[in-house]
Amino acid sequence: MLLAIDIDNRTTDFGVFDQDKLVDKFSITTDRNRSVVEIKLMIKLILMDKNIELSDIHEIIISNVVPELSSSYEMIGRELIGKKPIFISAGVKTGLNIKCESPREVGSDRIIKAVAATRKYTGNIIIVSASSITTVDYINAKKEFLGGLILPGINLLQDSLVRGSAKLPHVELKKPDGIVGKNTEKAIQAGLFFAYKKAVLGIIDEIVEGYSLNKKDTNILITGPYAHLLDLSKYDLIRDDDLGIYGLKIIYDLNKKKAS
C-alpha cells in the first residue's frame, strides 16, 4: 500500500492506496508545534481505527509547503516504513509541463493538483484551491501549466480585520443570509464572504477573458477547506477534494516506472 500525504498550511490530507484504488482518506489540522511522537501516534491511531495495518504500507509520498515540518515527516516516514519517504522536489518526475519563468518555484501543492487535473480532465482547466493560502491556477488545453495567482484565504482576511481593529470579533466563516448584515457579527460574515467570493470570481473572469476561453470547454475545479463558500452561479464548478492525493499517486507511479 501507498500512503500519500499532502501537507497544506491549514490541513494535512492523507490517502491510502491499494494498487490504483483509494481505499481510505483522512485529514488532520496542520500544526507546526506538534512533535514527531504526536503526529506519528495520530497517524497510527487513525489507521488502526480504519482497520488498515501499518505493516501493509510500504511506500510514502509527501507534498509539503510547510518547511518546518519536513524533517518531522521524514523521521515519521522512516519510522513507519523503515526508509525515507519520497518528497515532491527537484529531481522528482511529475510529468507536468510547467511554462513558468522559474518552474522550481511553483509550490508542490499546486503541482500535485495540476498533475491530477490534467489526467482527469480535458480542455482548459482552472484550479481554485481554497485554503488559508488560496491559489488559482490555469492550465491550457495543451496541458501546459501557465501559472496562476496567490491570495489570502478567507480566514486570513478575518485575521487581518480583527488585528486591525480594537473591537471586532472573530466570527463563524459561513455564507450569510443576505448581502446586508443586520448586526456586527452578520456584517462581518457578509463582508468576508462576499469579499472572498467576489475576489475569486473576479480572478476567474479575468483568466477567462484574458485567454478568450470558452466556458463550455473550460473545467473550473474547486478544492480545499473553504471550497464550500465558492458558490459561483456564473460558472459550473467541479468540486474535487481528492486532487492532491491523486496527484501524489500519479507522481509516485511515474517515478516507480522511472526507477524500474
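None of the values given here were measured: they were computed from a predicted structure. (Residues numbered from 1 in each chain as written. Predicted model: local features only at pLDDT ≥ 70, side-chain atom pairs only at ≥ 80, totals over all residues. Heavy atoms only, no water.)

With that settled, the discussion passes to the pattern of salt bridges. Under the defined criterion, the tally for this structure stands at 14 salt bridges. The partner of D20 in a salt bridge is K249, and the shortest N-O contact between them spans 3.0 Å. One end of the pair, D20, is in the loop between β2 (11-18) and β3 (21-29); the other, K249, is in helix α6 (residues 243-259), with 229 residues separating them in the sequence. Note on D20: relative accessible area 63%, which makes it exposed. Under the relative-accessibility criterion, K249 is labelled buried at 6%. For D253, the salt bridge is made with K249, and the minimal N-O distance between the two is 2.7 Å. You can see D253 and its partner K249 sitting in helix α6, 4 residues apart, about one turn around the helix. Look at the salt bridges and you will find they share partners, linking D20, K249 and D253 into a network. (Salt bridge = Lys/Arg side-chain N within 4 Å of Asp/Glu carboxyl O. Helix = DSSP H or I, 4+ residues; strand = E, 2+ residues; numbered from the N terminus. Buried < 20%, exposed > 50% of the residue type's maximum accessible area, 1.4 Å probe, protein only.)

Another aspect to go through is the UniProt feature "binding site: substrate" (unreviewed entry) in the chain. This chain's UniProt record puts "binding site: substrate" (unreviewed entry) on G107, S108, D109, R110 and T184. Spanning 78 residues, the named residues are also spread out in space, since their farthest C-alpha pair is 39.0 Å apart. Assignment of secondary structure puts R110 in helix α3 (residues 108-120). Apart from the residues within four sequence positions on either side, R110 is in contact with T135, D137, F145, G147, G148 and I150. (UniProt positions renumbered as here; feature names shortened; annotations may be inferred. Contact = heavy atoms within 4.5 Å.)

So, on to the confidence of the model for the chain. For the chain, mean pLDDT is 94; residues scoring 70 or higher make up 99% of the total. Within the chain, strand β7 (residues 124-129) carries the highest mean pLDDT (98), whereas α6 carries the lowest (91). (pLDDT = per-residue confidence, 0-100.)

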